[in-house]
Amino acid sequence: MNPQAKLISSLSLLLGTTLTISSNHWMMAWTGLEINTLAILPLISKSHHPRAIEASTKYFLTQATASTLLLFSSMTNAWFTGQWDITQLTHPTSCTLLTLAISMKLGLVPFHFWFPEVLQGSSLMTNLLLATIMKFPPTTLLFMTSSSLNPTLMSTLAIASAALGGWMGLNQTQIRKTLAFSSIAHLGWMTIILIYYPKLTLLTFYIYSLTTAAIFFTLNNINTLKLSTMMTAWTKTPSLAAMLMLVLLSLAGLPPLTGFLPKWMIIQELIKQELTTMATIITLLSLLGLFFYLRLAYCATITLPPNSVNYMKQWQINKPINMLTTTLTTLSIMLLPLSPMILSIP
């Protein structure tokens, strides 16, 4: 990809994200979302492969539809209330339309069909942008309008996302699709607590982004896209393969790793809100995700994969592990002891 084009796309991503999260007017927030959409399209289709072109087309159509629906919901609210302020979304129809629009942008069930296909057709670094940075502006809009949203609708979307994300991830052999359904399941955890404790949604998103970034940087370092090639990753960088296992378990939410913190706090807050049944359901649904995380962790560290001898011979000097990958993997594993300090941040 042309360096100038990559620089323009990167700066446009930064501009669109900043514009959306710092705006109080719906038109400015919509403008930032549109800039983000147009900026990520060249990065998705940069390989000129048919799958990449298909992924960019699906992404554009979905995001354009969601942006149109978001603009329509804000116009409806302005028509009835005379307010263009994001925090003044009070009309019930506008709230419902906004929830559907943001769900489509994030990939919540039942608007999730585009997300695994787009990730499968993109490179690993583009996947990282799609799974983290591109989800931050819509999540911020949900955070700012959390007091006006319908709790029943949000809880339904959250439980459906947690269920389908865990269920559909069970039979995947492509790592990118597995991580896409993992993202959908984590979105369910973020959404279910949004009404009751919005700051906890942001904390969950931050820790999810940290852990996902560590996984994508590690996969990019060992050049792995499928379970069959992950089985031989230990022949290239044994230490990185072991760290990848721990990061995957952290993403699953196993104690005492970092990923346990948001799930623990979400369950605790749901119980405080007397929603014990909902907490029990989403906790049980997380066991589905735990299964394929354990399968990925097993494949990352297995020393005798069921492959031919010729396929096993991958001993080679790989590119050195950069400092960013090491830092991200360490934080995504060992951040839990710092949780009192994290929770004390206002």
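This structure is a prediction, so every number in the text was calculated from the model and none was measured.

> It is not clear to me how the domain arrangement of the protein should be interpreted in this structure. Could you clarify?
Size of an interface: often given as the accessible area lost when the parts come together. Entries for the protein in the domain assignment read domain 1 (1-122) and domain 2 (150-345). Here domain 1 and domain 2 have C-alpha centroids that lie 24 Å from each other. The junction of domain 1 with domain 2 conceals about 1,500 Å² of combined surface from both sides, 72% of it contributed by carbon and sulfur atoms. Interface area lost by domain 1 to domain 2 is led by Leu108, Val109 and Gln120, which between them contribute 39%. Between Glu117 and Lys177 there is a salt bridge; the shortest N-O distance is 3.4 Å. Counting every contact that joins domain 1 to domain 2 gives 5 residue pairs in polar contact (both at pLDDT 80 or more). Counting only elements with at least two residues in the side of domain 1 that touches domain 2, the list comes to helix H4 (92-106) and helix H5 (114-120). If you tally residues by element for the side of domain 1 that touches domain 2, the top one is H5, at 5 residues. Its residues assigned to classes, the side of domain 1 that touches domain 2 shows 7 nonpolar, 7 polar and 1 charged.

> Help me understand helix H6 (residues 124-131) in this model?
For an α-helix, the turn length of 3.6 residues means that residues three or four places apart are oriented alike. Among the 8 residues of H6, 7 are classified as buried, and the element is accordingly described as predominantly covered. Within the span of H6, buried status applies to Leu124, Thr126, Asn127, Leu128, Leu129, Leu130 and Ala131. Buried residues along H6 sit against helix H1 (3-21), helix H2 (26-44), helix H3 (50-81), H5, helix H9 (175-192) and helix H10 (198-222).

> What exactly am I supposed to notice about a nonpolar patch on the surface here?
Where nonpolar side chains cluster on the molecular surface, the patch consists of Leu7, Leu11 and Leu14 and spans about 320 Å² of accessible area. In this fold, Leu7 is placed in helix H1. Exposure remark for Leu7: the relative accessible area of 52% places this residue in the exposed category.

> Got a minute to help me understand the environment of Thr191 in this structure?
Mapped onto the elements of the fold, Thr191 is located in helix H9. Residue Thr191 is classed as buried on the basis of its relative accessible area of 4%. Distance in space between the C-alpha atoms of Thr191 and Met104 is 13 Å, their sequence separation being 87 residues. Residues in contact with Thr191, not counting those within four places in the same chain, are Leu108, Met154 and Ala158.

> What is the right way to read H10 from this model?
Relative to the 36 Å expected for 25 residues at 1.5 Å per residue, H10 spans 37 Å between its end C-alpha atoms, a close match to the ideal helical length. Burial within H10 is extensive, with 22 of its 25 residues counted as buried. Phi for Asn223, located one or two positions after H10, is positive at around 55°.

> Would you mind showing me how to read the packing of aromatic side chains here?
How two aromatic rings sit relative to each other is given by the distance of their centres and the angle of their planes. Here the structure, examined in full by the defined rule, presents 7 aromatic pairs. Considering the side-chain rings of Phe205 and Tyr206, the 6.4 Å spacing of their centres and the 65° angle between planes classify their relative orientation as edge-to-face. Its relative accessible area of 45% is what places Tyr206 among the partly exposed residues. An aromatic cluster of three or more residues is present, and its members are Tyr59, Trp114 and Phe115.

> In this structure, what is going on with the UniProt feature "signal peptide" (unreviewed entry) in the protein? I would like to understand it.
With numbering aligned to this structure, UniProt lists the feature "signal peptide" (unreviewed entry) at residues 1-20. When the span residues 1-20 is considered, its composition is 90% helix and 0% strand, and the gap between its end C-alpha atoms is 27 Å.

> What should I look at first to understand the pattern of salt bridges in this one?
When the charged atoms of two side chains with opposite charge come close together, those side chains can pair. On inspection of all chains with the given rule, the structure shows 5 salt bridges. Here Glu117 and Arg51 are joined by a salt bridge, their closest N and O atoms 4.0 Å apart. With Glu117 in helix H5 and Arg51 in helix H3, this residue pair connects regions lying 66 residues apart in the sequence. In this structure, Glu54 engages Lys58 in a salt bridge whose closest nitrogen and oxygen atoms are separated by 2.9 Å. Residue Glu54 and its partner Lys58 are located together in helix H3, separated by 4 residues, close to a single helical turn. Judged by relative accessible area, which is 35%, Glu54 ranks as partly exposed. For Lys58, a relative accessible area of 30% corresponds to the partly exposed category. By sharing partners, the salt bridges in this structure join Arg51, Glu54, Lys58, Glu117 and Lys177 into a single network.

What counts, and at which threshold
Residues numbered from 1 in each chain as written. Predicted model: local features only at pLDDT ≥ 70, side-chain atom pairs only at ≥ 80, totals over all residues. Heavy atoms only, no water. Domains from an automatic or database assignment. Buried area = accessible area lost by both parts, 1.4 Å probe. Salt bridge = Lys/Arg side-chain N within 4 Å of Asp/Glu carboxyl O. Polar contact = N/O pair within 3.5 Å; in protein donor to acceptor, adjacent residues only side chain to side chain. Helix = DSSP H or I, 4+ residues; strand = E, 2+ residues; numbered from the N terminus. Nonpolar A, V, L, I, M, F, W, Y, C, P; charged D, E, K, R; others polar. Buried < 20%, exposed > 50% of the residue type's maximum accessible area, 1.4 Å probe, protein only. Contact = heavy atoms within 4.5 Å. Patch = residues over 30% accessible without salt bridge, like charges linked within 9 Å, V, L, I, M, F, W, Y side chains within 5 Å. Areas by Shrake-Rupley, 256 points an atom, 1.4 Å probe, with all protein chains shown as cover. Expected span 1.5 Å × (residues − 1). Phe/Tyr/Trp six-rings, centres within 6.5 Å; stacked < 30°, edge-to-face > 60°. UniProt positions renumbered as here; feature names shortened; annotations may be inferred.

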